[in-house]
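Residues per chain, in single letters:
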Amino acid sequence: MQAAWFLAVGGLRRALGIGALLALAGFILGPLATLLVWAFAGAWLFPHLVPEFSLKWWVYVLGNADVGKAIRMSVLSAPTATLLSALICIPAAYAFARLEFPGRRLLLLSFLSANAFPKIGLYVSIATLFYRLNLMDTFAGVVLIQLVNTLLFMIWIPTGTFRGININLEEAARDVGAGPLRTFFQITLPIAMPGLIVAALFAFIAAFDEAQGSLIVGTPNHITMPVLMYALVLSYPQPVGAVFSVLLSLPSVILLLVTQRYLRAGYLAAGYSL
Amino acid sequence: MARLLLDRLTKRFGTHAAVHDVTLDVRDGELMCLLGPSGCGKTTTLRMIGGFVTPDAGDIQIDGTSIVTMPPERRPTAMVFQRYNLWPHMTVAQNVGFGLRLRRLAHAEIDRRVTQALELVGLPQADRKFPHQLSGGEQQRVAVARALVLQPKLLLLDEPFSNLDARLRVRMREEVKQLQRTVGITTVFVTHDQEEALTIADRIAVMHQGVLQQVDTPAALYAYPRTLFVADFIGTMNLIGARAHAAPAGTMLSAGPWHLPVAGTRWSEGSEVTVAVRPEDVVMAADGVELEVRRVVNLGHYLQAVLWCAEIGEIRMFTDKGAALGEGQRVAVRPARALAFHGSELVEIGGPMHPAVASSAERR
């Protein structure tokens, strides 16, 4: 009797747990599933529950010259911004992690400032600067704007990662005869790599998804995919937006799948516990 | 084969002197322990030898050549750290061979030396494993192999076994001692564990608050501690506050119930002296002072008895395990040997001491 009672409660608990999990999954994945359905639907009108399958919107979107141009622009600019960001930020992050200098914390927090104010104001003031520097409507200008959005990830996560690497590991390398540079490249960098990959992933997504700043700086000739999305959503039938959304999320999804074995909560947490 | 000389080495962190004016001579092939409580400057001293901390003053010489301006990668020293010794992204063989690869040795030569080094530390089959596949003790052995494979002049060990469990620690310390004898390498070993220092070292340098207290063999350190700190820190010691009095045949120290005669008129009347007595020097004697036995602890091959003396508190005594001692019983004891400290002066007091009862007539 007693045992059966416990079993029933255990079963109930498990059922509740599974139910909650399904609800959460539905909440997160539901809109995405709808998006997928819309992207492959020819027409989806009442009273049909299941839409007819069609690739016509894909043909339409991919055949559009503006779309091709925007894809090229995004595929070139986002990796460039990520790479530049890594080149600038990883050495800086190492300095933040290893050196104690006055104003270290303040400087670290300053990287948050780009995310702390209404972005549109920031972009407008950047635009006035870009006009003077002839960076408006250029590839370099768009890359720079995307770069601003990657800084936080590329500084904070690697700083946390480098801090997590015990200094003894570096000292041991110095001890057996490696100079500071060799120690960094052969010891520190390989050990930090998983954390750096996570940082680069977040930075890439931030750069790839950037729309506001790119819209201001890049129009009319340097339109990235998220910027074009605005135009598509406003002036084309619904499935076009869905198709484009799927295209827009493809790089992130692919990168997430490729790097998923490095994705551990620890790296993010280390980045934010400065 | 190398001789290490530290010459008036000083390091300050802020205004606090972590290491103050340390002069130490480590002989060729010697195993020198730097011993002291945490924060005494022993690790800072070792890190200065390794090149990871820059001294504020003083010199470090190996075989008469100053190395104090060299970065760690150019010093002929090899260090084994307390923890996080091995690079997790390399196999054991790659870890051990890293320094050799930097020196651009031929592959065959690197393999030969790595194999040899791993055999030396008793891990010949571990070469393809990664550090996380090894136990803590095995990791430290690989770290020792990595240090020795470069044939350094000086081996530096920074509390290398403090993260191992007690039994393994004892075994590893025997192994390192054996290895050091075999290789004959001059070694500086930092530890806060006096038992470790006493068993492993040829000589021990005791440090306290950045100051070198005494450098001596384990036996000398135990029998003739030169400062009160060393007396208290090494082994177990009964410290008894005493006063000096003039006596017909020199000076008399009244230490609790005992009166200890000292030759000569050393100290002025009434000056305060500390008398230090090892527990094994507290012996049962018919003419001793009767004290109450508070606790008896069987420590295997001997007994530790805690005696109670109304004037000075607890007195510890080590005695033969066959001794008939019961708690609550009274035994007559006297110090067979003692050391008296007054400022920087130290006097050994040998021979039997006179219990206060016997000298009460004298006092009157």
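Please refer to the structure placed before this passage.
Residues numbered from 1 in each chain as written. Chains lettered and ligands numbered in written order. Predicted model: local features only at pLDDT ≥ 70, side-chain atom pairs only at ≥ 80, totals over all residues.

Enquirer: Even after reading the chapter, I still don't get the overall build of chain A, so can you show me in this structure?
Expert: The secondary structure content of chain A amounts to twelve helices and zero strands. When the elements of chain A are put in sequence order from the N terminus, they spell out α-α-α-α-α-α-α-α-α-α-α-α. The C-alpha atoms of chain A give a radius of gyration of 24 Å, which is well past the 19 Å a tight globule of 274 residues would have. Structurally, chain A occupies a C-alpha span of about 80 × 75 × 35 Å along its principal axes. Taking the intrachain contacts of chain A between residues at least 6 apart in sequence as the baseline, contacts between residues at least 24 apart amount to 77%. (Helix = DSSP H or I, 4+ residues; strand = E, 2+ residues; numbered from the N terminus. Rg over C-alpha atoms; globule rule 2.2 N^0.38 Å. Contact = placed C-beta atoms within 7 Å.)

Enquirer: Just checking my understanding: could you explain the pairing of strand E11 (residues 238-247) of chain B for this structure?
Expert: Taken residue by residue, a regular strand's side chains alternate between the two faces of the sheet. Residue and element names in this part refer to chain B. Here E11 pairs with strand E14 (residues 272-277) via six bridges, running antiparallel. Looking at E14, one finds that Ile240 is bridged to Val275. As paired elements, E11 and strand E12 (residues 250-255) share six bridges and run antiparallel to each other. Bridged to Ala242 within E12 is Ala255. Adjacent in sequence and paired antiparallel, E11 and E12 are bridged by two residues. (Pairing = 2+ DSSP bridges.)

Enquirer: Hey, could you run me through the nonpolar core in this one?
Expert: Generally speaking, nonpolar side chains in soluble globular proteins are found buried as a group. Ranked by internal contacts, the top residues of the largest apolar core, which has 141 residues, are Cys33, Val188, Ala205 and Val275 of chain B. Among the elements that take part in this core, helix H8 (residues 180-209) of chain A stands out by supplying 15 residues, more than any other. Excluding residues that lie within four positions of it along the chain, Cys33 of chain B makes contacts with Phe189, Thr191, Ala197, Ile200, Ala201, Ile204 and Ala205 of chain B. Counting 17 residues, the second-largest nonpolar core is a separate cluster that includes Ala39, Met229, Val240 and Val243 of chain A. (Core = buried A, V, L, I, M, F, W, Y, C linked by C-beta atoms within 7 Å. Buried ≥ 20, exposed ≤ 12 C-beta atoms within 10 Å, placed from the backbone.)

Enquirer: Would you mind showing me how to read helix H1 (residues 42-50) of chain B here?
Expert: Every α-helix winds through 3.6 residues per turn, so residues three or four apart in the chain are directed the same way. All names here are of chain B. Burial of H1 is extensive: nine of the nine residues sit out of reach of the surface. By the burial criterion, the buried members of H1 are Lys42, Thr43, Thr44, Thr45, Leu46, Arg47, Met48, Ile49 and Gly50. Gly51 lies just past H1 and shows a positive phi near 100°.

Enquirer: Please explain the sheet that holds strand E7 (residues 154-158) of chain B as it appears in this structure.
Expert: Residue and element names in this part refer to chain B. In space, the six strands of this open sheet follow the order E6-E7-E8-E3-E9-E10, with mixed pairing throughout. Bordering the open sheet on either side are strand E6 (77-80) and strand E10 (211-216), each of which pairs with just one other strand. Shown here is a sheet whose adjacent strand axes are inclined to one another by a mean of 20°, direction ignored. Strand direction decides the pairing type here: E7 and strand E8 (residues 186-191), joined by five bridges, are parallel. In the sheet register, Leu156 faces E8, and the bridge partner there is Val188. (Axes fitted to C-alpha atoms, helices over the stretch in contact; angles between N-to-C directions.)

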